[in-house]
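Chains, contacts and geometry: an overview
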Amino acid sequence: ILGATLVWLHHLPHWGATEDSGSKLGCFATGPAIINTPSNLISEIIGTIVLILGVNSFSSVGQVATGLGPYLVGVLVWAIGLSLGGTTGYAINPARDVGPRIAHALLPIAGKGSSNWGYAWIPVVGPIIGAIIAGILVQ
């Protein structure tokens with residue numbers, strides 16, 4: 001929520017000039033390119049599975065050099081975004097979406113429109129299901 005508030009402050013002069021409320025929400029929270037609940041949920045599940053299996057693979061190959069682990073995770077998240085992120089914005093972590101969406105709902109953003117709470121459960125439930133499946137697969 002603090003990070004989202006900093007984004008709001010950074011873009012403060014732009015909120016009034018931007019007419020598209022969806023673009024404003026997009027600065028804070030994820031959203032689907034095409035609204036299809038089963039497909040959107042599956043997208044978040046797959047992205048999270050790839051994230052968990054990828055991070056797990058870094059530790060399963062032995063000791064990773066100091067400082068290399070965060071870089072590898074960053075590249076992995078980037079790769080997930082490039083390959084799987086176009087459909088839903090790839091929350092792959094409930095904290096990535098919920099806190100900023102709450103900030104969007106609370107902050108006084110000119111012409112902000114809806115915070116799309118009807119979709120908000122997908123970037124929470126999808127990653128939880130994906131993490132459970134990945135946890136089962138790595139055992």
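Note: the structure precedes this text.
Structure report, in brief. Just so it is clear, the model here is predicted, and its values are computed rather than measured. (Residues numbered from 1 in each chain as written. Predicted model: local features only at pLDDT ≥ 70, side-chain atom pairs only at ≥ 80, totals over all residues. Heavy atoms only, no water.)

A few points about the packing of helix α4 (residues 37-60) against helix α5 (residues 68-84)
In contact at an axis separation of 10 Å, α4 and α5 are set at 155° when each is read in the N-to-C sense. Classed by the angle they form, the pair α4 and α5 counts as roughly antiparallel. Handedness of the crossing formed by α4 with α5: right-handed. The residues of α5 that touch α4, namely those facing Ser 43, Ile 46, Gly 47, Val 50, Leu 51, Gly 54, Val 55 and Phe 58, are Leu 72, Val 73, Leu 76, Val 77, Ile 80 and Leu 84. Looking at the contact of α4 with α5 residue by residue, the classes come out as 11 nonpolar, three polar and no charged. (Axes fitted to C-alpha atoms, helices over the stretch in contact; angles between N-to-C directions. Helix = DSSP H or I, 4+ residues; strand = E, 2+ residues; numbered from the N terminus. Parallel < 35°, antiparallel > 145°, perpendicular 65-115°, else oblique. Left-handed = near helix turned anticlockwise from the far one by under 90°. Contact = heavy atoms within 4.5 Å. Nonpolar A, V, L, I, M, F, W, Y, C, P; charged D, E, K, R; others polar.)

Here's the deal with the packing of aromatic side chains
Two numbers describe a pair of aromatic rings. These are the distance of the centres and the angle of the planes. Applying the stated criterion across every chain, the model contains one aromatic pair. For the pair Trp 15 and Phe 28, a centre-to-centre distance of 5.7 Å together with 25° between the ring planes defines the contact as stacked. Here the residue Trp 15 occupies a position in helix α2 (residues 12-15), and Phe 28 occupies one in the loop between α3 (21-26) and α4, the gap between them amounting to 13 residues. (Phe/Tyr/Trp six-rings, centres within 6.5 Å; stacked < 30°, edge-to-face > 60°.)

Side note on α5
Spacing of three or four residues puts side chains on the same side of an α-helix, whose turn is 3.6 residues. For α5, with 17 residues, the first-to-last C-alpha span of 24 Å sits near the 24 Å given by 1.5 Å per residue. When we look at burial in α5, the residues that qualify are Leu 76, Ile 80 and Gly 81. Looking straight down α5, one finds that the buried residues subtend no more than 135° of arc, so they occupy a single side. Within α5, the exposed residues directed more than 90 degrees away from the buried face are Tyr 71, Trp 78, Leu 82 and Ser 83. Those residues of α5 that are buried are in contact with α4. (Expected span 1.5 Å × (residues − 1). Buried < 20%, exposed > 50% of the residue type's maximum accessible area, 1.4 Å probe, protein only. Arc of directions from axis to C-beta.)

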